[in-house]
Amino acid sequence: MNNYFIILASGQSKRFNSNQLKQFITYKNKALFEHSLDKAMNSKLFKKIILVVNEKKQIKKKYSKDVVIIKGGKERSDSSLIALKYIKKFKPSNVLIHDAARPNFTIKLLKRLIKSLQTNKASIPVISSKDSIKYKVKNQLFNLDKKNSYLTQTPQAFKFKDIYNLSIKQKKIIQDEATLFINNNFKIKFINGEILNDKITFKEDINNIKTFFGIGFDIHRLVKDKKLYLGGIKIPFHSGLKGHSDGDVILHSVIDSLLGAMRKKDIGTFFPDNRNKFKNIRSPKMLKPIVDILNRSNFYINNLDINLICEQPKVSKYRNKIINSLSDLLNLDKDLINLKGKTVEKLGLIGKEKAIACEVICSISQ
Ligand code: ZN
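Residues numbered from 1 in each chain as written. Predicted model: local features only at pLDDT ≥ 70, side-chain atom pairs only at ≥ 80, totals over all residues. Heavy atoms only, no water.

(A) Main features of the packing of helix H7 (residues 249-262) against helix H9 (residues 283-296). Where H7 contacts H9, the axes come no closer than 10 Å and their chain directions differ by 20 degrees. The angle between H7 and H9 falls in the class roughly parallel. Note that H7 runs across H9; the crossing there is left-handed. Of the residues in H9, those in contact with Leu251, His252, Val254, Ile255, Leu258, Leu259 and Met262 of H7 are Ser283, Pro284, Met286, Leu287, Ile290, Ile293 and Leu294. (Axes fitted to C-alpha atoms, helices over the stretch in contact; angles between N-to-C directions. Helix = DSSP H or I, 4+ residues; strand = E, 2+ residues; numbered from the N terminus. Parallel < 35°, antiparallel > 145°, perpendicular 65-115°, else oblique. Left-handed = near helix turned anticlockwise from the far one by under 90°. Contact = heavy atoms within 4.5 Å.)

(B) Structural context of the coordination of the zinc ion. Bound to the zinc ion are the protein donor atoms Asp218 (OD), His220 (NE2) and His252 (ND1), situated 2.0 to 2.1 Å from the metal. For the zinc ion, the single-chain donor residues occur in sequence as D-x1-H-x31-H. Note that aspartate 218 is positioned in strand E13 (residues 211-224) and histidine 252 in helix H7, a separation of 34 residues in sequence. (Donors = N, O, S within 2.8 Å, 3.2 Å for Na, K, Ca; no water.)

(C) Summary view of unusual backbone geometry. Proline 155 follows threonine 154 through a cis peptide bond whose omega is 5 degrees. At the junction of glutamine 312 and proline 313, the peptide bond is cis and its omega measures out at -10 degrees in the coordinates. Here proline 313 lies in the loop between strand E17 (300-309) and helix H10 (315-330). One non-glycine residue, asparagine 280, lies in positive phi territory at about 60 degrees. The topology assignment puts asparagine 280 in the loop between helix H8 (267-270) and H9. Relative accessible area serves as the criterion here: at 53%, asparagine 280 is assigned to the exposed category. Not every positive phi belongs to a glycine, and glutamate 345 is a case in point at roughly 55 degrees. Inspection of the secondary structure puts glutamate 345 in the loop between strand E18 (337-342) and helix H11 (348-351). The exposure class of glutamate 345 is exposed, given its relative accessible area of 68%. (Buried < 20%, exposed > 50% of the residue type's maximum accessible area, 1.4 Å probe, protein only.)

Listed below in structure tokens is the structure:
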């Protein structure tokens, strides 16, 4: 694994009508460039990730030591050359160059690109055009044959030696690195790109986001000789929650709040408690298909706020563990989950430690 990932985040956002630089605008809960950065880190495919920005002080957050932040140049091609020169000392085999404005590629695409470099010097993701493309020659318009026209995307993958040698010789401003190969009659392997790997160019791309809220509530009776599960983890306690499943009130409330926000009825519709199939089911298994629907429908969670209502166990003792577990199950940043403990002054069933209840509110966007 001698792969390096370069993220170009030093653009001037000329087509993006906003006071803020596009690559730093918040998109799906984080700065636009962070989507690419996080994905590259999570893929574990790269020795180093080079983030190229206008000013290093623009980046306030601390990242792992494999992430290097460097200052770019005036044009895109200047920035990529600066990054290529920077990584030369590491003797890379492969390098992927990516525009921060494309936050929606998948780790699968990264893997396919790197695999393709085993037999090719350059590998570029392309999709066929949905719209017909016209081009102009001496004031006359021509139609490009849609079947033979491709739209190129990033990341673009190269053997380091080849892209480096071409880049240092290049004097003109180029649109992307693939152009270097084309101009020099080098062979490029085109692989299938991803429809969702669109470039965020105009502010409408970001403003076109709809937000929904959902609420969930659940209560289960405490009984002896049962294990207690809360938020997907086992909690040491004298009793557990009675139910058709493991009785995890937190996960059940989370499920109902997500279904509520997606306007998809309730947990009982998905997991009827008269069905033997779901008897003693662990609640993470119930959450999984709901998270799948969320992802398939292009929703993402903005935040979760949880009230766990019980006298015992004390939430403060398990808060971090529960939040970590929820973060894993939902693939959601820990900072976006809040868990509060609430006692009821020893009143009623909950006060007498005969039941535990939970309520959740969530916000999701599409
Ligand atoms: Zn329940």
